[in-house]
Amino acid sequence: MTRPPADLVPAEVPARPLTHNPLNGVTGGIWRTRRAGRRAVLKLIAPPGAGVGPAHWAASADPGHWNYWRREVEAYRSGLAMTCYADVGLVAPDPLAIDDRPDGTVALWLTEVVGRPGTACTVRDLADLAHRLGAAQATWLAGPGSAPATRRALDVSRYDWLARDWLRDYTLSRPVTDRVPWDHPVAVAAWPTSLRDDLRRLWEQRQAVLAATDRLPRTLCHHDVWPTNLVFTDGGPVLLDWSFVGPGPIGEDAANLVLDTFFDGLVDVALLADVADAVLDGYIDGLRGAVDPGLVARAVRRTGAAKYCWLAPVMLHRAGGATGQTYDRRDEAAMFAGRRPVLELLARWAATSVD
């Protein structure tokens with residue numbers, strides 16, 4: 001859909017499509033436009049059956065499903081998106097309106113956030129963001145290994161639309177068959193045998209890795225912290241896209257921030273080591289006094305390994321055909337080569353992710 005429906009944005013009003021994942025059946029489109037004379041972003045949210053896309057990105061009517069179609073609407077309508085991390089200066093865009101439409105879709109109108117896009121981030125930006133995440137998530141802690149005196153309880157029953165078990169459900173929904181072509185020529189050319197062996201081992205141990213994340217303290221996670229969902233403003237970072245919010249293990253958002261900053265070639269991979277160290281240090285410092293630093297470091301490694309255990313197998317299944325990528329515009333050979341340093345970090349994390 002190149003333009004939003006005319007009843008939402010008249011033809012004479014500019015509307016520029018914004019990059020998003022078109023495979024996700026929940027998202028009918030996102031545009032930068034205007035509402036009542038104000039700069040705004042319009043996100044059209046589609047119910048199950050309305051979107052077009054593969055089964056593993058289908059919208060769900062189950063409120064606990066990892067891709068429940070109304071979750072972001074409820075996150076804004078309840079105020080949770082704007083307030084859950086606000087104590088540390090990490091906020092969501094202000095909602096302008098939420099319109100339930102006759103065709104079953106929902107028009108989510110948000111204030112346009114003005115600032116540097118996340119893809120223009122610096123190491124210092126991500127270190128600061130990680131510190132804020134740690135400090136915010138310290139206030140939502142629950143489970144073993146967390147300090148008993150936290151300011152807020154993670155009461156999922158209060159918001160029955162939160163993702164039930166996002167990390168496990170999303171990870172196991174990825175389209176991987178039993179026969180992964182680990183020796184595909186494009187992989188052999190880009191990845192050494194040792195890396196392919198490590199990635200195969202991670203895939204084969206995925207259930208054990210996921211089980212290891214179950215033993216971590218839990219907190220309120222965003223579940224999609226990466227540069228395209230960030231804007232750095234003079235007042236602090238703004239976190240976009242609250243479609244996946246829900247309880248999850250500590251470390252998950254920090255791990256995703258490290259890995260997903262580089263997977264799609266949007267940020268120079270030469271910064272990987274600096275970003276990995278800075279994010280870990282910032283996140284540990286944010287959680288200091290609430291969770292032991294050693295446990296935080298293990299949590300980042302475990303959750304990162306769990307989150308992306310499927311990525312290499314999916315890449316190999318697609319090798320020789322369409323890459324299936326929305327954000328990564330590199331050709332196949334460049335993508336395989338460019339992701340090698342990030343996959344090597346993932347493999348090192350995976351080596352210590354099960355105890």
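Above this text sits the structure in question.
Residues numbered from 1 in each chain as written. Predicted model: local features only at pLDDT ≥ 70, side-chain atom pairs only at ≥ 80, totals over all residues. Heavy atoms only, no water.

A. Geometry of the overall build of the protein chain. Looking only at helices and strands, the protein chain has twelve helices and ten strands in total. The C-alpha radius of gyration of the protein chain comes to 20 Å, within 12% of the 20 Å expected for a compact globule of 355 residues. C-alpha atoms of the protein chain, sized along the principal axes, occupy 55 × 55 × 35 Å. The burial tally for the protein chain puts 54% of its 355 residues in the buried class. In the protein chain, the proportion of contacts linking residues at least 24 apart, taken out of those at least 6 apart, comes to 72%. (Helix = DSSP H or I, 4+ residues; strand = E, 2+ residues; numbered from the N terminus. Rg over C-alpha atoms; globule rule 2.2 N^0.38 Å. Buried < 20%, exposed > 50% of the residue type's maximum accessible area, 1.4 Å probe, protein only. Contact = heavy atoms within 4.5 Å.)

B. Structural context of the sheet that holds strand β9 (residues 236–239). The three strands lie next to each other as β6-β8-β9, forming an open sheet whose pairing is antiparallel. Each edge of the sheet is formed by a strand with only one pairing partner; in this case those strands are β6 (116–117) and β9. (Pairing = 2+ DSSP bridges.)

C. Expanded view of the packing of helix α11 (residues 311–318) against helix α12 (residues 332–351). Following both chains from N to C, one finds α11 and α12 inclined at 165°, their axes separated by 12 Å at the closest point. Between α11 and α12, the crossing angle belongs to the class labelled roughly antiparallel. Both α11 and α12 take part in a crossing whose hand is left-handed. Facing α11, whose interface residues are Leu-311, Met-315, Leu-316 and Arg-318, α12 presents Glu-332, Met-335, Phe-336, Arg-339 and Leu-343. (Axes fitted to C-alpha atoms, helices over the stretch in contact; angles between N-to-C directions. Parallel < 35°, antiparallel > 145°, perpendicular 65-115°, else oblique. Left-handed = near helix turned anticlockwise from the far one by under 90°.)

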